[in-house]
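Structural characterization, general
Given next are the chains, with one letter for each unit.
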Amino acid sequence: MNDPSVLTIHAPGVDTEALVRDIQDTVARKQQQGVYADARIARAERSNLVNLRDDESFTGFYLTALREASAIDINDFEIRERRARFAPLLVKLKKSIWNLLKFYTYRLWSQQNLVNGLFVTGMESINEQLTSRIKTLEARVAELEKKLDGR
Amino acid sequence: MPAARRIAFICPRFAEQGTVGGAETLLKALAERAAADGREVEFLTTCATNHFTWENTVPAGTRSIGALKVSFFPVDDDRDVTTFLTVQGRIDKGVKVSRADEEAWIANSVNSRALIAYLREHIGRFDRVVMGPYLFGVVYAASQVAPEKTVLVPCLHDEPFAYLSIIHDMFHRVGGLMFNLEPEKDLALRLYDLPERGTVVGMGIPDAPTDPNAFARKHRLPNPYVIYCGRREVLKGTPILVAYLHAFRERTGRALDFVFTGSGPIDPPDELRPAIRDFGFVDESDKRQAMAGAVAFLHASVNESFGIVLLEAWLSRTPALVHANGVVLRDQCRRSGGGLWFRHYPDFEECLLRLLDDPSLRQRLGESGRRYVLDRYNWTAVDRRLFAALDGGAA
């Protein structure tokens, strides 16, 4: 006793499927440009358990974001002062503090970068190994099922 | 089969005051419509209001609430919670459990011997017994009292519990099935290998006049905002929304706030706290005004069988943004043309940027959603489907 209107109603004017497809294309393009290689996204995605469970490609995406975000920028940077008053003096003070700190922080952060890089490489390697092992096992299961069906 | 003139409705909780939940709201609304149609209706429920503790907080007995005669029965206090949680944990992890374990799980779920005894004693008075949702002990036990008179309103989700053999048997046992949406029905037919049966009924969503500026004006909200209404739980996807909005604000620098109505903890990171506006329980009118002023209604749950709040947001002309893995909500967005869906954060960011930057898109989506709800979920249309389903046994 189903109402046929359940299946036939479509709102005129907005094709959301086409719109979402367009959004997904834009996202794919931006993804290639590295727009989403951001530790903040990796952090936000921790809550998206559905994708962690179901979407194989998500692990790849997560690892890419992790790799992009793991390298800490330890290069020199421009030192500025927002307060107009005593600005040149404050900039000089900040520069001299930075020159003192740089020697120690460089050593610290370069080691941290090394650890981060090794960690991400390790994760990628584990992912590759597991993916390949699962594919082999799936192929084997399929083969065995085929043999059983043939009996 | 006789017309359904005398009907018992059964739901583990009764939707009043602080007790909110889609299934409870649905069962109560259907019972009220049947009563308004001149049918003799009795609503059987438990004394519990909290769906975590199931403590008996409402006095047992019969009261008239609105047009309904509501009978409250105590939840059994001798359930073995350890057994229940142990088996539930295994089911939840996707472990195949034995039939004996399944039965131990449902026996130690929320049950009420008093309610079942009352139903057995008075079953002769009822032409139909309408009950739901599917995964509670009290509903499971009630479905065995007079299966031929039973119409199950399952509110079915694609979740590990739905795959149990006892649930399979319940779907085969009952005389009729009433679904909220086509995807829910498709899921049931697929999971339980049923022949074409059951009726899609849904629920009417009353319209209410709204002013998109009223809520922001009343509460002096300085920034545009997105909104979520309902329970805040992991299963409802609220942690994802909070995490995504945090990332969105940091990455885009947009001053976008997040309005919440409903109950439960939100637990945002400290930096996001100033952007979170938690209004707790608000009345229907305030909720609709809040929805009307929002850039989008967000819903990241992947376990919905209907999505009442989504439909209310559309009536307020507010577009929706839902999780792509939520089959039902995504299907509603697709059918209505009233909302978009995201798979992960990048999709979420792009969707939200478009909604923020394109007021005409927002308006078109909101209007499409509103038209869909007015056409499909007005009470006249729902009543027609409901009464036909009740009289025909929803077979």
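Residues numbered from 1 in each chain as written. Chains lettered and ligands numbered in written order. Predicted model: local features only at pLDDT ≥ 70, side-chain atom pairs only at ≥ 80, totals over all residues.

**Observations concerning the overall build of chain B**
Looking only at helices and strands, one finds 15 helices and 14 strands in chain B. For 395 residues, the compact-globule estimate of 2.2 N^0.38 gives 21 Å, and chain B sits close to it at 21 Å. On the principal axes, the C-alpha backbone points of chain B span a range of 65 × 45 × 40 Å. Counting all 395 residues of chain B, 51% fall into the buried class. (Helix = DSSP H or I, 4+ residues; strand = E, 2+ residues; numbered from the N terminus. Rg over C-alpha atoms; globule rule 2.2 N^0.38 Å. Buried ≥ 20, exposed ≤ 12 C-beta atoms within 10 Å, placed from the backbone.)

**Re the overall build of chain A**
Within chain A one finds six helices and zero strands. Reading the helices (α) and strands (β) of chain A from amino to carboxyl end gives α-α-α-α-α-α. The buried share of chain A, reckoned over its 151 residues, is 11%.

**Section: the domain arrangement of chain A**
Residue and element names in this part refer to chain A. Partitioning chain A into domains gives domain 1 (15-70) and domain 2 (75-151). Each side of the interface is counted separately: domain 1 has five residues, and domain 2 has six residues. Residues that form the side of domain 1 that touches domain 2 fall into these classes: two nonpolar, two polar and one charged. (Domains from an automatic or database assignment. Contact = placed C-beta atoms within 7 Å. Nonpolar A, V, L, I, M, F, W, Y, C, P; charged D, E, K, R; others polar.)

**Some details on the domain arrangement of chain B**
Residues and elements named next belong to chain B. In terms of domains, chain B is made up of domain 1 (6-204 + 378-392) and domain 2 (214-376). The C-alpha-based centres of domain 1 and domain 2 are spaced at 29 Å. Opposite the 18 residues of domain 1 that make contact, domain 2 presents twelve residues. Elements with a contribution of two residues or more to the side of domain 1 that touches domain 2: helix H1 (22-36) and helix H7 (182-191). Broken down by element, the side of domain 1 that touches domain 2 gets its largest block of residues, three residues, from H1. A per-class count over the side of domain 1 that touches domain 2 returns eight nonpolar, seven polar and three charged.

**Notes on the interface of chain A and chain B**
With 34 residues of chain A at the interface, the matching set in chain B holds 42 residues. Looking at the side of chain A that touches chain B, the elements that each hand over two or more residues are helix H1 (5-8), helix H2 (16-32), helix H3 (39-45) and helix H4 (49-54) of chain A. The element that contributes the greatest number of residues to the side of chain A that touches chain B is H2 of chain A, accounting for ten residues. Taken together, the residues of the side of chain A that touches chain B break down into 15 nonpolar, eleven polar and eight charged.

**Quick notes on helix H2 (residues 81-92) of chain B**
Between its first and last C-alpha, H2 of chain B extends 16 Å over twelve residues, near the 16 Å set by a 1.5 Å rise per residue. With its phi angle positive at about 85°, Gly94 of chain B sits one or two positions after the end of H2 of chain B. (Expected span 1.5 Å × (residues − 1).)

**Points about the pairing of strand E13 (residues 320-323) of chain B**
All names here are of chain B. In the sheet, strand E12 (residues 297-299) pairs with E13 via three bridges, with the strands oriented parallel. Counted as the bridge partner of His299 is Val322 from E13. Each parallel crossover has a hand, and the one from E12 via helix H11 (residues 308-315) to E13 is right-handed. In the sheet, E13 pairs with strand E14 (residues 339-342) via four bridges, with the strands oriented parallel. (Pairing = 2+ DSSP bridges. Right-handed = clockwise from strand over helix to strand, strands pointing away.)

**Quick look at the nonpolar core**
Residue and element names in this part refer to chain B. Counting 126 residues, the largest nonpolar core has Phe9, Ile227, Tyr244, Ala294 and Ala296 as its most contacted members. No other element matches the eight residues that helix H9 (residues 238-252) contributes to this core. Contacts of Ala296, omitting those with residues within four sequence positions, involve Val226, Thr318, Pro319, Ala320, Leu321, Leu352 and Leu355. (Core = buried A, V, L, I, M, F, W, Y, C linked by C-beta atoms within 7 Å.)

**Some thoughts on unusual backbone geometry**
A negative phi angle is the norm for most residues apart from glycine, just as the trans form is the norm for most peptide bonds. All names here are of chain B. Here Gly132 and Pro133 are connected by a cis peptide whose omega angle stands at -5°. Within the secondary structure, Pro133 is located in the loop between strand E5 (128-131) and helix H5 (137-142). Positioned with a positive phi, Asp193 is a non-glycine residue whose angle comes to about 50°. Not every positive phi belongs to a glycine, and Asp267 is a case in point at roughly 55°.

**What about the environment of Leu329 of chain B?**
Turning to its location among the elements, Leu329 of chain B is positioned in helix H12 (residues 327-336). Between the alpha carbons of Leu329 of chain B and Leu310 of chain B there is a distance of 8.0 Å; along the sequence they are 19 residues apart.

**Focus on the sheet that holds strand E6 (residues 150-152) of chain B**
Residue and element names in this part refer to chain B. Spatially, E3-E4-E2-E1-E5-E6-E7-E8 is the arrangement adopted by the eight strands of the open sheet, whose pairing is mixed. Whereas interior strands pair on both sides, the edge strands pair on one side only; in this sheet they are strand E3 (61-65) and strand E8 (199-200). Examined bridge by bridge, E6 and strand E7 (residues 176-179) share two bridges and lie parallel to one another. Considered in E7, the bridge of Leu152 is made with Leu177.

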